[in-house]
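Residue-level listing of the chains:
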Amino acid sequence: MENYNNIEATVNHLFRKESGKMVAVLIKIFGTENIELAEDVVQDALLKALETWKYRGLPDNPSAWLYRTAKNRAIDVIRRNKHSRVIDFSDPQRQLLTSNYTLGATMDTYWQEDSIKDDFLAMMFACCHPNISPENQITFILKSLCGFSTKEVAKAFLTGEDTVSKRLYRTKEYFRKHKIKPQIPKPDQIVLRTNTVLSAIYLMFNEGYNSTHSNDLIRKDLIGQAMLLCRSLFSEERTALPQVYALMALMCFHAARVDSRLGSNGELILLDKQDRKLWDPSLIDSGKLYMNKASFGNQLSTYHLEAAIAYEHCSARQYENTNWKKILEYYDILLKLAFDPVVFLNRALVILELYGPLEALEAIDHIKNEKQLQGYYLYHASLGEINKRLQQLDKAIAHFENAIALTGSKQEKQLLEGKIQEMMKSIQSK
């Protein structure tokens, strides 16, 4: 019998990689009024994989095995509900599913590779219906199509898990009531809906870059999934927009630095201490290429500016050579586009590097009453670092302790605890 932990890890990986695609296909088969039915079929397929592979070992092609199992389970559901009203078989696309003579062949057409890709993209856009709030759109995409846990979505939104559950319920209710059909939007809707999809992709990437999983800070599977999804947008002419290329550039610049973010013992290494020889030059070059491709049109998106900031970090040979003034200019433009407390916080950290802790503290004071930041560990960690440089060590320790309480990452906790221990030694030596 194959090692159970290896089997479980494979199933978990497949859940991340394939569940959203299977859900999208099954929603097309069952209708958006039956989202939970589609999710149940995927869960059944994953559980069957776990049980079967535990005794028989991994198949040669686990993904194909999983898809076949989900397809067969869907056929069972169709046969069981053929004469019920659970599935709307009046839809012309589903009528062939009601006959035993055409059911198998028709079902096969849903599971062709190109069809799966198109259905997934179409479902992403369906999630971005204008009558669904942006928060609910992205929450649903991340949870149902991208395999995120409720906890991971909550972190991405800096909110609670109860709030995420309510958003999911409301979105499913809207789909159930209005029976929205997954499809690529019309030309007059494409930009707005693509921007929402990009928000989901970026949140997915951020979860991979700095994961909520305490034992796995960096999750390359999510990083790769986000970048793959972004590529699928500019492979479709209608969604090949400047901001799509800009986001791809941004992700390339960040992904290039992944291997330098953890030390040999798994400890978190901040930007100023990273070995830049470990940065991936091919990803940096790709980022430059996508930046150039993002320059057409007359729209300046937040992704353009964030990519420009990331490029400044990647182009500096040493931390000391970073062009902080240029980066500050980009942050100022970002805040003119839209006020964001997290962007304002990042701007304050640039001021810390340029002008010192007093100016940084003055800048960060403007957002001290933002409720969104009170539960954000980086806000408290930033205040800790600023007070540390001001030699206000008691205040710094208190802020670092707050930050520790707000992060679930083992690596982030260790980093902050190390800073506290360093300051405690300094206090004791006086």
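Check the entry above for the structure.
Residues numbered from 1 in each chain as written. Predicted model: local features only at pLDDT ≥ 70, side-chain atom pairs only at ≥ 80, totals over all residues. Heavy atoms only, no water.

A. Molecular detail of the overall build of the chain. A count of helices and strands for the chain gives 20 helices and 0 strands. What you see for the chain is a C-alpha radius of gyration of 24 Å, in line with the 22 Å of a compact globule of 430 residues. Principal-axis analysis of the C-alpha atoms gives the chain an extent of 85 × 55 × 40 Å. Out of the 430 residues belonging to the chain, those deemed buried represent 52%. Across the chain, every contact between residues at least 6 apart in sequence was considered, and the portion connecting residues at least 24 apart equals 64%. Surface exposure of the chain reaches about 21500 Å², of which carbon and sulfur atoms provide 49%. (Helix = DSSP H or I, 4+ residues; strand = E, 2+ residues; numbered from the N terminus. Rg over C-alpha atoms; globule rule 2.2 N^0.38 Å. Buried < 20%, exposed > 50% of the residue type's maximum accessible area, 1.4 Å probe, protein only. Contact = heavy atoms within 4.5 Å. Areas by Shrake-Rupley, 256 points an atom, 1.4 Å probe, with all protein chains shown as cover.)

B. Representation of the packing of aromatic side chains within the structure. Counted under the stated rule, the structure contains 12 aromatic pairs. Centre to centre, the rings of Tyr 202 and Tyr 303 are 5.8 Å apart; their planes meet at 80°, and the pair counts as edge-to-face. Of this pair, Tyr 202 sits in helix α9 (residues 190-209) while Tyr 303 sits in helix α13 (residues 302-315); the two residues are 101 residues apart in sequence, bridging distant segments of the chain. Summarising the burial analysis for this pair, Tyr 202 and Tyr 303 share the class buried. Seen from their ring centres, Phe 253 and Tyr 311 are 5.7 Å apart, and the 50° between their planes marks the pair as tilted. You can see Phe 253 sitting in helix α11 (residues 242-255) and its partner Tyr 311 sitting in helix α13, a full 58 residues away along the chain. (Phe/Tyr/Trp six-rings, centres within 6.5 Å; stacked < 30°, edge-to-face > 60°.)

C. Looking closely at the nonpolar core. The biggest cluster of nonpolar side chains holds 132 residues, and the ones touching the most others in it are Ile 29, Phe 30, Trp 111 and Ile 201. If near-sequence neighbours (up to four positions away) are discounted, Trp 111 is found in contact with Met 22, Val 25, Leu 26, Ile 29, Tyr 67, Ala 70, Lys 71 and Ile 116. Counting residues in hydrophobic clusters, the runner-up holds 11 residues, among them Tyr 377, Ala 381, Ile 397 and Phe 400. (Core = buried A, V, L, I, M, F, W, Y, C linked by side-chain atoms within 4.5 Å.)

D. Structural view of helix α8 (residues 161-178). Its 18 residues place the ends of α8 26 Å apart at the C-alpha level, agreeing with the 26 Å of an ideal helix rising 1.5 Å per residue. Buried within α8 are the following residues: Val 164, Arg 167, Leu 168, Thr 171, Lys 172, Tyr 174 and Phe 175. Mapping the buried residues of α8 onto a view down its axis gives an arc of 155°, with all of them on the same face. When the buried face of α8 is taken as reference, the exposed residues oriented beyond 90 degrees from it are Asp 162, Lys 166, Tyr 169 and Lys 177. Structurally, α8 contributes buried residues whose contacts are with α2 (35-56), α5 (113-126), α6 (134-145) and α7 (150-157). Immediately beyond the C-terminal end of α8, within one or two residues, lies Lys 179, with a positive phi of roughly 50°. (Expected span 1.5 Å × (residues − 1). Arc of directions from axis to C-beta.)

E. Inspection of the environment of Ile 333 at higher detail. Considering the arrangement of structural elements, one finds Ile 333 in helix α14 (residues 324-337). We classify Ile 333 as partly exposed; its relative accessible area is 35%. Note: C-alpha distance between Ile 333 and Thr 302 (31 residues apart in sequence) is 9.0 Å.

F. Layout of the packing of α2 against α8. Closest axis-to-axis distance for the α2/α8 pair is 9 Å, and the angle between their directions is 115°. Judged by the inter-axis angle, α2 sits roughly perpendicular to α8. Judged by residue contacts, Ile 35, Glu 36 and Glu 39 of α2 engage Lys 172, Phe 175 and Arg 176 from α8. Of the residues assigned to the contact of α2 with α8, the class counts are 2 nonpolar, no polar and 4 charged. (Axes fitted to C-alpha atoms, helices over the stretch in contact; angles between N-to-C directions. Parallel < 35°, antiparallel > 145°, perpendicular 65-115°, else oblique. Nonpolar A, V, L, I, M, F, W, Y, C, P; charged D, E, K, R; others polar.)

G. Spatial organisation of the environment of Lys 179. Following the sequence through the fold, Lys 179 ends up in the loop between α8 and α9. Dropping the residues within four chain positions of it, Lys 179 is found in contact with Thr 32, Glu 33, Asp 88 and Tyr 174.

H. Molecular detail of the side chain of Asn 81. When you line up the elements, Asn 81 lands in the loop between α3 (62-80) and α4 (103-110). Here Asn 81 falls in the buried class, since its relative accessible area comes to 11%. Among all residues touching Asn 81, those that are not within four sequence positions of it are Val 86, Ile 87 and Phe 89.

I. Representation of the side chain of Thr 69 within the structure. In this structure, Thr 69 sits in helix α3. Polar contacts involving the side chain of Thr 69 include one to the main-chain carbonyl oxygen of Trp 65, which spans 2.9 Å. (Polar contact = N/O pair within 3.5 Å; in protein donor to acceptor, adjacent residues only side chain to side chain.)

J. Spotlight on the pattern of salt bridges. Considering all chains together, one arrives at 23 salt bridges under this definition. Lys 288 is the partner of Asp 285 in a salt bridge, and the nearest nitrogen-oxygen pair spans 3.9 Å. Here the residue Asp 285 and the residue Lys 288 both occupy positions in helix α12 (residues 281-293), the gap between them amounting to 3 residues, near one helical turn. With a relative accessible area of 36%, Lys 288 lands in the partly exposed category. (Salt bridge = Lys/Arg side-chain N within 4 Å of Asp/Glu carboxyl O.)

K. Representation of helix α19 (residues 393-406) within the structure. Across its 14 residues, α19 extends 20 Å between first and last C-alpha, which sits within 8% of the 20 Å expected from 1.5 Å per residue. Those residues of α19 that fall on the buried side of the exposure criterion are Leu 393, Ala 396, Ile 397, Phe 400, Ala 403 and Ile 404. Down the axis, α19 shows its buried residues gathered within 120° of arc, on one side only. Facing away from the buried side of α19, by more than 90 degrees, are the exposed residues Asp 394 and Ala 405. Those residues of α19 that are buried are in contact with α18 (377-389) and α20 (410-428).

L. Here's a closer look at the environment of Tyr 379. Tracing the chain through its elements places Tyr 379 in helix α18. For Tyr 379 and Phe 157, which are 222 residues apart along the polypeptide, the C-alpha to C-alpha distance reads 15 Å. Not counting residues within four places of it along the chain, the set of residues in contact with Tyr 379 comprises Leu 345, Ile 364, Ile 367, Lys 368, Leu 373 and Gln 374.

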